Amino acid sequence: MSDLDDRIENVVIIGSGPAGWTAAIYAARASLNPLVYEGVPKQSPTLMLPGGQLMLTTEVENYPGFPEGVTGPEMMEQFKKQAERFGTRIETDDITVCDFTERPFTLQSARGEQVKAHAVIVATGATANWLGLENEMRLAQSGGGVSACAVCDGALPIFRDQVLAVVGGGDTAMEEASYLAKFGSKVLIIHRREELRASKAMQKRVLDNPKIEVVWNSVVIDVLGESKVSGVRLKNVKTGEESTLECKGLFVAIGHTPASGFLKPGQLERDEKGYIKLVEPQRSLTSVEGVFAAGDVADAVYRQAVTAAGMGCRAAIDAERWLAEQGLA
Ligand SMILES: Cc1cc2nc3c(=O)[nH]c(=O)nc-3n(C[C@H](O)[C@H](O)[C@H](O)COP(=O)(O)OP(=O)(O)OC[C@H]3O[C@@H](n4cnc5c(N)ncnc54)[C@H](O)[C@@H]3O)c2cc1C
């Protein structure tokens, strides 16, 4: 193990999505000289890249300031450049161990480097849970009609007036289906059981919608189509029978996993799904003073680039004020 140097960092930001880069821009402009750990590419259990979830998408049409839309990777490159412009330092490495029991905090990277910091902003995001089918990720990354976010992609022209499929049976799947019913000609919810897990109120909203139908006891075993989705292959889990369902969009709504697994149990309070708990409404404060959280790792509700960026801004301002109160920076 080698120390980066003997310096104690003012603030280390872990993560390089919209939340991490926005925190870096604000912290750098506040003369905090932030250090960002942007992560390394990972293939498993799901694809995760420096730059975050938007590296996996083509068009982003709902981020303000881009009237013509922008690709996810292009947008994240701009975020990064803006953070670098104000002197943000970047390590292409993962943080694997954190010790928040003593101040200054100690972080250890995958390469074995150790860094000490007065304040830490955790902005490690989340990953959408995918089905794990060969064609699924290819068509998701190429804009071919597979998505894990109806609010992000539902309004795109390729989905207008088309038959759309949603996989899942929980509240998120119901929300996605209701939202998609505004655009598609028909929405088919594919669910592996014969009853939905979603709350009764959500179920009612969906089942009352004439555009939505549920395909019960079924799982998707293949996504069909070369450059665009043309349908999905289904298997009935009761009868074993296989069938093809024609559709022009597939929305996978089987949950998200927050990237908080590198935090040992008890280090920072998290909820039962692993999302970091924020201890004050409208703030970025966590259960450990001096540790702040931003973006999807602390947000199971909105999960949007613009909300993640807003949370990154809050975290940097909270960190700056906390450091000033402590006389540390
Ligand atoms: C396919 C897809 C399309 C989407 N389209 C849109 C859209 O059009 N509009 C929109 O607003 N939102 C969209 N979203 C949602 C949006 O991408 C997320 O809400 C947003 O990226 C969350 O930002 P974040 O900064 O919290 O985290 P993320 O973007 O998840 O980034 C976190 C990054 O931190 C790094 N990291 C993780 N763990 C560590 C570690 N231990 N050490 C160091 N680094 C680490 C990784 O590089 C990781 O990728 C989409 C999501 C997906 C999956």
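Caption draft 1: Quick look at the overall build of the protein chain. Secondary structure summary: the protein chain contains seven helices and 19 strands in total. A globule of 329 residues ought to have a C-alpha radius of gyration of about 20 Å, and the protein chain, at 21 Å, matches this closely. Counting across all 329 residues of the protein chain, residues that qualify as buried make up 50%. Contacts spanning at least 24 positions in sequence make up 59% of the contacts within the protein chain whose residues lie at least 6 apart. Charge separation in the protein chain, taken as the distance between the mean sites of 34 positive and 43 negative side-chain charges, equals 4 Å.

Caption draft 2: Up close: the site of the ligand. Surrounding the ligand, one finds 33 residues, the nearest of these being Ala 19, Gln 53, Asn 62, Asp 296 and Ala 305. Within the backbone of Ala 19, a nitrogen or oxygen atom sits 2.9 Å from an oxygen atom of the ligand. Here an oxygen atom of the ligand and a backbone polar atom of Ala 305 are 2.8 Å apart. For the ligand, whose free accessible area comes to 990 Å², the fraction covered by protein is 97%. Where the shell around the ligand is concerned, the elements lending two or more residues are helix H1 (18-29) and helix H7 (305-325). For the shell around the ligand, the residue count by class is 16 nonpolar, 12 polar and five charged.

Caption draft 3: Region of interest: the packing of helix H5 (residues 171-180) against helix H6 (residues 200-207). Where H5 contacts H6, the two axes come as close as 10 Å, and the packing angle between them is 30°. By the criterion of interaxial angle, the relationship of H5 to H6 is roughly parallel. Remark: the crossing between H5 and H6 carries left-handed chirality. The residues of H6 that touch H5, namely those facing Asp 171, Met 174, Glu 175 and Ser 178, are Met 202, Arg 205 and Val 206. Classifying every residue of the contact of H5 with H6 gives three nonpolar, one polar and three charged.

Caption draft 4: Spotlight on the packing of H1 against helix H2 (residues 72-85). One way to put it is that H1 packs onto H2 with a least axis distance of 8 Å and a crossing angle of 20°. As the angle between them shows, H1 and H2 are arranged roughly parallel. The handedness of the crossing between H1 and H2 is left-handed. Each of Pro 18, Trp 21, Thr 22, Ala 24, Ile 25 and Ala 28 in H1 lies in contact with H2, whose residues at this interface are Met 76, Phe 79, Lys 80, Gln 82 and Ala 83. In terms of residue class, the contact of H1 with H2 is built from eight nonpolar, two polar and one charged.

Caption draft 5: Focus on the sheet that holds strand S10 (residues 146-147). Strand order in the open sheet formed by five strands is S10-S17-S11-S12-S13, and the pairing between neighbours is parallel. At either end of the open sheet lies a strand with only one pairing partner, and these are S10 and strand S13 (212-215). Bridging between strand S12 (residues 186-190) and S13 involves four bridges; their strand directions are parallel. Paired with Ile 189 across the strands is Val 214, a residue of S13. Packing of H5 onto the sheet brings it into contact with strand S11 (163-167), S12, S13 and strand S17 (249-252), and relative to S11 it is tilted by some 170°.

Caption draft 6: Layout of H7. Helix length check: H7, at 21 residues, gives a terminal C-alpha distance of 30 Å against a target of 30 Å (1.5 Å per residue), a fit within 8%. Turning to H7, its buried residues are Ala 305, Ala 308, Ala 309, Met 311, Gly 312, Cys 313, Ala 315, Ala 316, Asp 318, Ala 319, Trp 322 and Leu 323. A positive backbone phi angle near 70° is found at Gly 327, which sits one or two residues after H7.

Caption draft 7: Here's a closer look at the packing of aromatic side chains. Evaluated as defined, the whole model comprises six aromatic pairs. Ring centres of Tyr 63 and Phe 66 lie 6.3 Å apart, and the angle between their planes is 55°; this geometry places the pair in the tilted category. We classify Tyr 63 as buried; its relative accessible area is 15%. Phe 66 sits in the partly exposed class, given a relative accessible area of 27%. Here a set of aromatic residues connected by ring pairs shows up, and it is made of Tyr 63, Phe 66 and Phe 79. For the cation-ring pair, Arg 29 lies above Phe 86, with the distance from its terminal atom to the ring centre recorded as 5.3 Å.

Criteria and thresholds
Residues numbered from 1 in each chain as written. Predicted model: local features only at pLDDT ≥ 70, side-chain atom pairs only at ≥ 80, totals over all residues. Heavy atoms only, no water. Helix = DSSP H or I, 4+ residues; strand = E, 2+ residues; numbered from the N terminus. Rg over C-alpha atoms; globule rule 2.2 N^0.38 Å. Buried < 20%, exposed > 50% of the residue type's maximum accessible area, 1.4 Å probe, protein only. Contact = heavy atoms within 4.5 Å. Lys, Arg positive; Asp, Glu negative; His and termini not counted. Charge placed at Lys NZ, Arg CZ, Asp CG, Glu CD. Near = heavy atom within 4 Å. Polar contact = N/O pair within 3.5 Å; in protein donor to acceptor, adjacent residues only side chain to side chain. Areas by Shrake-Rupley, 256 points an atom, 1.4 Å probe, with all protein chains shown as cover. Nonpolar A, V, L, I, M, F, W, Y, C, P; charged D, E, K, R; others polar. Axes fitted to C-alpha atoms, helices over the stretch in contact; angles between N-to-C directions. Parallel < 35°, antiparallel > 145°, perpendicular 65-115°, else oblique. Left-handed = near helix turned anticlockwise from the far one by under 90°. Pairing = 2+ DSSP bridges. Expected span 1.5 Å × (residues − 1). Phe/Tyr/Trp six-rings, centres within 6.5 Å; stacked < 30°, edge-to-face > 60°. Lys NZ or Arg CZ within 6 Å of the ring centre and 35° of its normal.

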